[in-house]
Amino acid sequence: MGWRGMKVYLSVDMEGVTGLTDPEEMHAGKRGYERGCELMTADANAAIEGAFDAGATSVLVNDAHGSTKNLRIDLLDPRATLIRGPGKSQRMAQGLDASFDAAMFVGYHARAGVQHGVLNHTWMGKEIQNVFLNGAPCGETRLVAACAGFHGVPVALVTGDEAVGQEAAELLGEVETVAVKKGIDKFSAELLPPSVAQARIREGAARALGRLSGFTPYETDRPYTLGVEWNSTAIAAACGLVPGVKQTGAREIEFATDDFTQIMALMGLFATIGGQVACGSGPYG
């Protein structure tokens, strides 16, 4: 790390945040959203505090959920900086590059279809049935970890529910995980109180960075092949019109590249197309 110190990148999602189980708590204007934003920011702060406890000299935080306007800048640890707002080409990995020594994922959740995964989904709540990377099932943890690996950055910490911790451990080996809730079903969980959960996140972040030399970046073979199975033939057909994207089945599309930043950008584009088609297709869409 040398003279420049330890740079830490923090990607913060919302479904895996302490105390949250209801989709309404993650959407602006819905019941519980404002409190959800406070809890999301508190989880982020716990990781930031742990990072600085372990000797970090800078922490960049990326709001990686939905509108990407959820984290409360007025409540954020003043030692960190925040990337906020839509139009980010790298979405959940915006700002991540080779200059960072470690990446940490806070508030993450299990991929679509994982039993007992609280609010389990991949990238979109309903429209996407499955995502595949090089033929293997891929959740958001794997997707962003692979992007970090593309830049040569190891993932040190993943926080969320127990299911995402298991998913992260299977993928990333000795990664530090902190479970703030235990899933019962998609919309129910056994929760830790915020004071307890956030203390564990802070301790986990510090512990992870304290053994950073033992981590290696998550590497995926090139070319990177992204596959998406949609729940709608109409969305697959629309996404299949994007240059370079092949439609491989009635509801399946595929894209291959040697540049993982294209994968992240394309997932954002797919979500835009998928959302528009789904919203405009009426009850049969």
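Cut-off values and rules
Throughout, residues of each chain are indexed from 1 in the direction in which the sequence is written. Reporting in this predicted model follows two pLDDT cut-offs: at least 70 for local features of residues, and 80 or more for side-chain atom pairs to be given and counted; totals over whole chains, interfaces and linings ignore these cut-offs and use all residues. Computation of side-chain values: all heavy atoms of the structure, hydrogens and water removed. Two strands pair under a simple rule: DSSP has to find at least two bridges between them. Secondary structure follows DSSP: runs of H or I at least 4 residues long count as helices, runs of E at least 2 residues long count as strands, and numbering of each begins at the N terminus. Orientation is described by axes fitted as lines to C-alpha atoms, over the contacting stretch for helices, and by angles from 0 to 180 degrees between their N-to-C directions. By definition, residues are in contact when any of their heavy atoms lie within 4.5 Å. In this description, a nonpolar core means a group of buried Ala, Val, Leu, Ile, Met, Phe, Trp, Tyr and Cys residues linked to one another through side-chain atoms lying within 4.5 Å. Here the term buried applies to any residue with accessible area under 20% of the maximum for its type, exposed to any over 50%, and partly exposed to those in between, with areas from a 1.4 Å probe on protein chains only.

S.K.: Honestly, the sheet that holds strand 2 (residues 56–63) in this entry has me stumped. Any pointers?
M.R.: Strand pairing in a sheet is mediated by backbone hydrogen bonds. Such pairs are either parallel or antiparallel. Strands sit in the order 3-2-1-4-7-8-9 across an open sheet of 7 strands; the sheet is mixed. Each edge of the open sheet is held by one strand with a lone partner, namely strand 3 (80–83) and strand 9 (188–191). Sheet twist, expressed as the average angle between the axes of neighbouring strands with direction ignored, equals 25°. With 4 bridges joining them, strand 8 (residues 176–185) and strand 9 adopt antiparallel strand pairing.

S.K.: Is there a simple way to explain the sheet that holds strand 11 (residues 246–247) in this structure?
M.R.: On the basis of which strands lie adjacent, the open sheet formed by 5 strands has the order 6-5-10-12-11 and antiparallel pairing. The strands lining the two open edges of the sheet, one partner per strand, are strand 6 (136–137) and strand 11. Across 6 bridges, strand 10 (residues 224–230) lies against strand 12 (residues 252–257) in antiparallel orientation. Counted as the bridge partner of Tyr224 is Thr257 from strand 12. Those strands touched by helix 6 (residues 260–280) are strand 5 (128–133), strand 10 and strand 12, and its axis lies near 15° from that of strand 10.

S.K.: I keep staring at the nonpolar core and nothing clicks. Help me out?
M.R.: Soluble globular proteins tend to pack their nonpolar side chains together in the buried interior. Ranked by internal contacts, the top residues of the largest apolar core, which has 51 residues, are Val155, Val228, Trp230, Phe260, Met264, Met267 and Phe270. When residues of this core are assigned to their parent elements, the largest contribution, 9 residues, is made by helix 6. Those residues in contact with Met267 that lie beyond four places of it in its chain are Trp123, Ile128, Val131, Leu143, Leu226 and Val228.

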